[in-house]
Amino acid sequence: MKYKPADARYEKTRYNRCGRSGLMLPAVSLGLWHNFGDVDKFEIGRAMVRRAFDLGITHFDLANNYGPPAGSAERNFGKILKLDLAKYRDEMIISTKAGYWMWPGPYGEWGSRKYLLASLDQSLKRLGLDYVDIFYSHRFDLNTPLDETMSALDTAVKQGKAIYTGISNYGPAQTAEAAKILRRLGSPCLIHQPNYSMLDRWIEDGLLGVLEKEGIGCICFSPLAQGLLTDKYLKGIPKNSRAAKPHGFLKREQVTEQVLKKVSALNTIARKRGQTLAQMALAWVLRDKRITTVLIGASRVEQVEQNIAALNNLKFAADELERIEKILKGD
Ligand SMILES: NC(=O)c1ccc[n+]([C@@H]2O[C@H](COP(=O)([O-])OP(=O)(O)OC[C@H]3O[C@@H](n4cnc5c(N)ncnc54)[C@H](OP(=O)(O)O)[C@@H]3O)[C@@H](O)[C@H]2O)c1
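Scope of this entry: the structure provided in the associated data block. (Residues numbered from 1 in each chain as written. Predicted model: local features only at pLDDT ≥ 70, side-chain atom pairs only at ≥ 80, totals over all residues.)

1. Notes on helix α5 (residues 172–185)
Filter applied, for reference: Secondary structure follows DSSP: runs of H or I at least 4 residues long count as helices, runs of E at least 2 residues long count as strands, and numbering of each begins at the N terminus. By this rule the span expected of a helix is its residue count minus one, scaled by 1.5 Å. Remark: C-beta atoms are placed from the backbone, and a residue is labelled buried if 20 or more other C-beta atoms sit within 10 Å of its own, exposed if 12 or fewer do, or partly exposed between those counts. Within this analysis, the arc is defined by the directions that extend from the helix axis to the C-beta atoms. The contact rule is simple: place each C-beta atom from the backbone, and if two of them lie within 7 Å, those residues are in contact.
The terminal C-alpha atoms of α5 lie 20 Å apart, and with 14 residues this matches the ideal 20 Å at 1.5 Å per residue to within 8%. Within the sequence span of α5, burial applies to Thr-175, Ala-178, Ala-179 and Leu-182. Here the buried residues of α5 occupy an arc of 105° about the axis, which is enough to place them on one side. Exposed side of α5, more than 90 degrees from the buried face: Ala-173 and Arg-184 are the residues found there. Along its buried surface, α5 packs onto α4 (146–158), β7 (162–168), β8 (189–193) and α6 (207–214).

2. Some thoughts on the pairing of strand β6 (residues 132–137)
Test applied: A pair of strands counts as paired when DSSP detects no fewer than two bridges linking them. By the criterion used throughout, a crossover qualifies as right-handed when its path from the first strand across the helix to the second strand runs clockwise, the strands pointing away from the viewer.
Counted residue by residue, β6 has 6 buried out of 6 residues, so it is predominantly covered. Where strand β5 (residues 93–98) meets β6, 4 bridges bridge the pair, whose relative direction is parallel. Residue Lys-97 lies in a different strand from β6, and its bridge partner there is Tyr-136. You can see the chain leave β5, run along helix α3 (residues 113–127) and come back into β6, and the turn it takes is right-handed.

3. A few points about the site of the ligand
Rules: In this entry, near means the residue's backbone-placed C-beta atom lies within 6 Å of the molecule or strand. The classification used treats Ala, Val, Leu, Ile, Met, Phe, Trp, Tyr, Cys and Pro as nonpolar, Asp, Glu, Lys and Arg as charged, and all other residues, Gly among them, as polar.
Around the ligand there are 30 residues in total, and Gly-31, Trp-33, Phe-221, Gly-227 and Gly-297 lie nearest to it. Elements represented by at least two residues in the shell around the ligand include exactly β10 (293–296) and α9 (301–308). Element by element, the count of residues in the shell around the ligand is highest for α9, at 3 residues. Residues belonging to the shell around the ligand are distributed by class as follows: 10 nonpolar, 17 polar and 3 charged.

4. Section: helix α7 (residues 257–272)
In this model, α7 (16 residues) spans 23 Å end to end at C-alpha, consistent with the 22 Å of a helix rising 1.5 Å per residue. Turning to α7, the residues buried within the fold contact α8 (277–286) and α10 (318–329). At the exit of α7 stands Gly-274, carrying a positive phi of roughly 75°.

5. Some words on the environment of Arg-17
As for its position among the elements, Arg-17 is in strand β1 (residues 15–17). Note on Arg-17: 13 C-beta atoms within 10 Å, which makes it partly exposed.

6. Looking at the packing of helix α1 (residues 42–54) against α9
Put simply, the rule reads: Convention adopted: a line fitted to C-alpha atoms gives each axis, helices being fitted over their contacting stretch, and angles between N-to-C directions are expressed from 0 to 180 degrees. Orientation categories follow fixed angle ranges, with anything under 35 degrees roughly parallel, anything over 145 roughly antiparallel, 65 to 115 roughly perpendicular, and all other angles oblique. Crossings are assigned a handedness: left-handed for a near helix turned anticlockwise from the far helix by less than a right angle, right-handed for a clockwise turn.
Following both chains from N to C, one finds α1 and α9 inclined at 25°, their axes separated by 8 Å at the closest point. Taken together, the axis directions place α1 and α9 in an arrangement best described as roughly parallel. α9 is crossed by α1, and the crossing has right-handed handedness. Within the contact between the two elements, α1 uses Ala-47, Met-48, Arg-51 and Ala-52 and α9 uses Val-301, Val-304 and Glu-305.

7. A closer look at the pairing of β5
In regular strands, side chains alternate between the two faces of the sheet. β5 sits mainly inside the fold: 6 of its 6 residues count as buried. By the alternation rule, side chains of β5 split into Ile-93, Ser-95 and Lys-97 and Ile-94, Thr-96 and Ala-98, which are all buried. Pairing analysis gives 3 bridges linking strand β4 (residues 59–61) to β5, with the strands arranged parallel. Bridge pairing in β5 places His-59 opposite Ile-93. In this view, the connection linking β4 to its parallel neighbour β5 by way of helix α2 (residues 72–85) has right-handed handedness.

8. Some details on the sheet that holds β6
Read once around its circumference, the closed barrel built from 8 strands follows the order β3-β4-β5-β6-β7-β8-β9-β10, with strand pairing classed as parallel. Within this sheet the neighbouring strands show an average axis-to-axis angle of 30°, counted without direction. Across 2 bridges, β8 lies against strand β9 (residues 217–221) in parallel orientation. Bridge pairing in β9 links His-192 to Cys-218. Across the sheet, α3 is in contact with β5 and β6; its angle to β5 comes to roughly 135°. Contacts from α5 reach β7 and β8 within the one sheet, and its direction differs from that of β8 by about 160°.

9. Quick notes on the nonpolar core
To be explicit about the condition: Put simply, a nonpolar core is buried Ala, Val, Leu, Ile, Met, Phe, Trp, Tyr and Cys residues tied into one set by C-beta atoms within 7 Å.
With 89 residues, the main nonpolar core has Phe-77, Ile-134, Cys-220, Leu-229, Ala-281, Leu-282 and Val-285 as its most contacted residues. Element by element, the count of residues in this core is highest for α8, at 9 residues. Beyond its immediate chain neighbours, meaning those up to four positions away, Leu-229 contacts Ser-197, Met-198, Leu-199, Leu-224, Val-263, Leu-277, Ala-278 and Ala-281.

10. Regarding the packing of α3 against α4
The geometry of α3 relative to α4 is characterised by a closest axis approach of 8 Å and an angle of 30° between their N-to-C directions. Accordingly, the angle class assigned to the pair α3 and α4 is roughly parallel. The two elements α3 and α4 meet at a crossing, and its hand is right-handed. On the side of α3, the interface is formed by Arg-113, Leu-116, Leu-117 and Leu-120, while α4 contributes Glu-148, Thr-149, Ser-151, Ala-152, Thr-155 and Ala-156. Tallied by class, residues from the contact of α3 with α4 come to 5 nonpolar, 3 polar and 2 charged.

11. Notes on unusual backbone geometry
Following Gly-67, the chain continues to Pro-68 via a peptide bond in cis, the omega torsion being -5°. Here Pro-68 shows up in the loop between β4 and α2. Between Pro-68 and Pro-69 the backbone carries a cis peptide bond, its omega angle lying at -5°. Residue position: Pro-69 is located in the loop between β4 and α2. Even without being a glycine, Trp-110 presents a positive backbone phi close to 75°.

Now the structure itself:
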C-alpha cells in the first residue's frame, strides 16, 4: 500500500541540537544493525521505518557491514527509501560508516583513505543515494595516521558525498585529536557515536567532557544493552530474542544471573515510575544534557512505539537516581 506519513509527525517527539552545530536530531534515533538484513523479514523492517518516521524519528543509522550478510541492511534500507520515502529525503538524516571488515585484502577494513572512500561509494550504491548526511570513521585505527583517516572524511564532504563527519568508538584523547584535525580541514566533527547504557558507562570517564568542550554531539548506541535492559530476559531467553538468534551479537552467556539481578531491581523502579524498564533505561541515558540522542534498535513496530514513548517521562527524582546508582554498583 502506498505510504503517506502522518501529518502530525513533528509533534510526536523532541529534537535536540547536535553539539554546537546547526543540526537538530530526534531524541530517539533508529539504528539498522540488526533486523534489517537479508536474514530478516523485509516487511517488518519496512513497517518499523515507516512507523518511526510517523513518530517523528528523522534519523536512521547504518554502516557498510550491517546485515547479515554485510551490506544487506543498506540495500534493504535503499529499497524502503525507494518504495516509501524518496519524496521525504530532505526530511531525513541518514548515516553510514566504514571501519570494520567489509571485503578481503588489505583495503577492506580499518582507516585508510583507500578503504573509507571506496566503502562510501559502495554504500551510496547500495542505498541508492547521491549522499549520506553523516559519514563516520567506525573505529580508531592505530596503524593509520589520524590525519589520513580524517582527511578521507573531509574529502567525502568536499565531494558532496556526505554532509557531516562523525567518529565512533574513539577514546577521549583520540577524539580531541580528531576534532582538531577536522576543524583545521574545514569539516568539523558533528558527532561521536559511543556505546552507553546503565550497564556500560565508560564515556562518563573523560569522553563526555571532551565532546562538550569541542562542541560535538553524542549519539549513544545500544542504550538498552542490546535488550538486556528490558524485562524480556527476566523469565528466561525468549525464542525470538537477540540472545536466541545465531547471528545475534548478544550471546546467551551475557545473560547472567548477576546482570538479571540488577535488571530485576531496575525493573521495580521503572514500574513505580509508570514506565517499562526499556523506557526508563532510555530516559536515564538522556538525563545528561550532553547526550543528543539515544540510538535504539528494534525487532518489531511495538518496540519502536514503546521506546519513543520514553520521552513522556524523562525526569528523575534525586532519590530515584541514587537508588539506580546503588543497584548499578551492585550494593
Ligand atoms: N558504532 C558502533 O560501533 C555501533 C555498534 C552497535 C550498534 N550501533 C548502532 O546502534 C543501534 C542500536 O544498537 P542496539 O540494537 O544494540 O540497541 P539497543 O536499543 O540497546 O537494543 C535493541 C534490541 O533490544 C530489544 N528491544 C528494543 N526495544 C525493546 C523493548 N521496548 N522491549 C523489549 N525489547 C526491546 C530488541 O531486541 P530483540 O531482538 O530481542 O527483540 C532490539 O533489537 C544499531 O542499530 C546501530 O545503528 C553502533
